[in-house]
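Here are the chains, one letter per residue:
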Amino acid sequence: DPQGYRLKEPDLLPQKLWFTDANTCSQYRSRLLHSLGFPSMELTEGMKKNVLLMNRLCCGRVVKNLHEFPLHSSVQGMGLNFTLAVPGRDSFKSPLSQIALFAFQDIVIAHHGAGLLLTLFMKSHGMVIEIFNYNIRGCPSSFATLSKKCGREHVQLVNKAGTTYRPGNCNGKNDKKDGTDDANVNLAKLGSVVQNFLQRQVNLQKT
């Protein structure tokens, strides 16, 4: 944390230690990427939008059908470049490879807790879709706060068929291996969220 910024829940640290605006977040990201040897320019090459699908393979909170999303009819013909990654596996093992993977993404789709802190390194003006396989009531999301402070859109999709958890147990059965919170996500709804985001991006380019 060379620049003195912190990424924790607002109730744990004073507000002044949070990113105050998207420009501050962007500057921090650029300096950090540059210090790690990444190009200094904003990583926006190419016409296709990059979409990262982060998923677990076991131990609870698995989005069982997320790997099917690139083939879903709702996202066909949209010029999307999909990458499917699993925390701690294959090209997602070292810290540098994790940062590199997120640095080129326009959209990140993942279950709550599946590496979403690394959305800090995403492109500016992107979108994060945070999936919950369980119903949450009054549970805050530090990832939504991070997205807001960094000028990115943040959408939460909740599987209403899952177990209902209340404040004090917002992580669901993260510590259990029985797969209770494994579930499918509504791919049509997920595709609609992506479509609407891309349409807003097109509209912004026209203004």
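Please refer to the structure placed before this passage.
Residues numbered from 1 in each chain as written. Predicted model: local features only at pLDDT ≥ 70, side-chain atom pairs only at ≥ 80, totals over all residues. Heavy atoms only, no water.

Draft legend 1. Quick look at the overall build of the protein chain. When you go through the protein chain residue by residue, the secondary structure sums to four helices and seven strands. Within the span of the protein chain, comprising 207 residues, buried residues form 42% of the whole. Considering only intrachain contacts with a sequence separation of at least 6, the fraction spanning at least 24 residues in the protein chain is 70%. Here the protein chain has roughly 10800 Å² of accessible surface; of this, 52% comes from carbon and sulfur atoms. (Helix = DSSP H or I, 4+ residues; strand = E, 2+ residues; numbered from the N terminus. Buried < 20%, exposed > 50% of the residue type's maximum accessible area, 1.4 Å probe, protein only. Contact = heavy atoms within 4.5 Å. Areas by Shrake-Rupley, 256 points an atom, 1.4 Å probe, with all protein chains shown as cover.)

Draft legend 2. The state of the cysteines, seen in detail. Tallied over the full model, the rule gives one disulfide. The partner cysteine of C25 in its disulfide is C150, sulfur to sulfur 2.0 Å. For the disulfide bridge between C25 and C150, the dihedral angle about the S-S bond is near 80°, and by the sign convention the bridge is right-handed. Of the two residues, C25 is situated in helix α1 (residues 22–35) and C150 in the loop between α3 (142–149) and β6 (153–158); the sequence distance between them amounts to 125 residues. Here C25 falls in the buried class, since its relative accessible area comes to 1%. For C150, a relative accessible area of 5% corresponds to the buried category. (Disulfide = S-S within 2.5 Å.)

Draft legend 3. Spatial organisation of the environment of L52. Tracing the backbone shows L52 in strand β1 (residues 49–54). Separated by 57 residues in sequence, L52 and I109 place their C-alpha atoms 6.1 Å apart. Those residues in contact with L52, other than ones at most four positions away along the chain, are T83, A85, L101, F102, Q105, I107, V108 and I109.

Draft legend 4. Seen up close, the sheet that holds strand β2 (residues 80–85). In space, the five strands of this open sheet follow the order β2-β1-β3-β4-β6, with parallel pairing throughout. Sheet topology places β2 and β6 at the edges, where each strand pairs with a single neighbour. Averaged over all neighbouring strand pairs, the angle between strand axes comes to 15°, with direction disregarded. In this sheet, β2 lies alongside β1 in parallel orientation, the contact comprising six bridges. Residue pairing in the sheet places M54 in a bridge with A85 of β2. (Pairing = 2+ DSSP bridges. Axes fitted to C-alpha atoms, helices over the stretch in contact; angles between N-to-C directions.)

Draft legend 5. Representation of helix α2 (residues 95–103). For α2, the complete set of buried residues consists of Q98, I99, L101, F102 and A103. Buried-residue contacts for α2 involve α1, β1, β2 and β3 (107–111).

Draft legend 6. Representation of the packing of aromatic side chains in the model. Throughout the structure, instances matching the rule amount to one aromatic pair. Here F69 and F82 contribute two aromatic rings whose centre-to-centre distance is 5.7 Å and whose plane-to-plane angle is 85°, an arrangement assigned as edge-to-face. One end of the pair, F69, is in the loop between β1 and β2; the other, F82, is in strand β2, with 13 residues separating them in the sequence. (Phe/Tyr/Trp six-rings, centres within 6.5 Å; stacked < 30°, edge-to-face > 60°.)

Draft legend 7. Geometry of the environment of I109. As for its placement among the helices and strands, I109 is situated in strand β3. Considering only alpha carbons, one finds I109 and V128, 19 residues apart in sequence, at a separation of 6.0 Å. Ignoring anything within four residues of it in the chain, the contact list for I109 reads V51, L52, L53, M54, L66, F69, I129, I131, L190 and V194.

Draft legend 8. Here's a closer look at the nonpolar core. Formed by 24 residues in total, the largest nonpolar core has its most connected members in L52, F102, L120 and F121. Within the residue set of this core, elements represented by two or more residues are α1, β1, α2, β3 and α3. Residues L53, V63, I107 and I131 belong to the second largest nonpolar core, which totals 20 residues. (Core = buried A, V, L, I, M, F, W, Y, C linked by side-chain atoms within 4.5 Å.)

Draft legend 9. Expanded view of the pattern of salt bridges. Counted by the stated rule, this structure contains two salt bridges. Between D106 and K123 there is a salt bridge whose closest N-O contact spans 3.5 Å. Of the two residues, D106 sits in the loop between α2 and β3 while K123 sits in the loop between β3 and β4 (127–132), which places them 17 residues apart along the sequence. An identical accessibility class is assigned to D106 and K123; each is buried. (Salt bridge = Lys/Arg side-chain N within 4 Å of Asp/Glu carboxyl O.)

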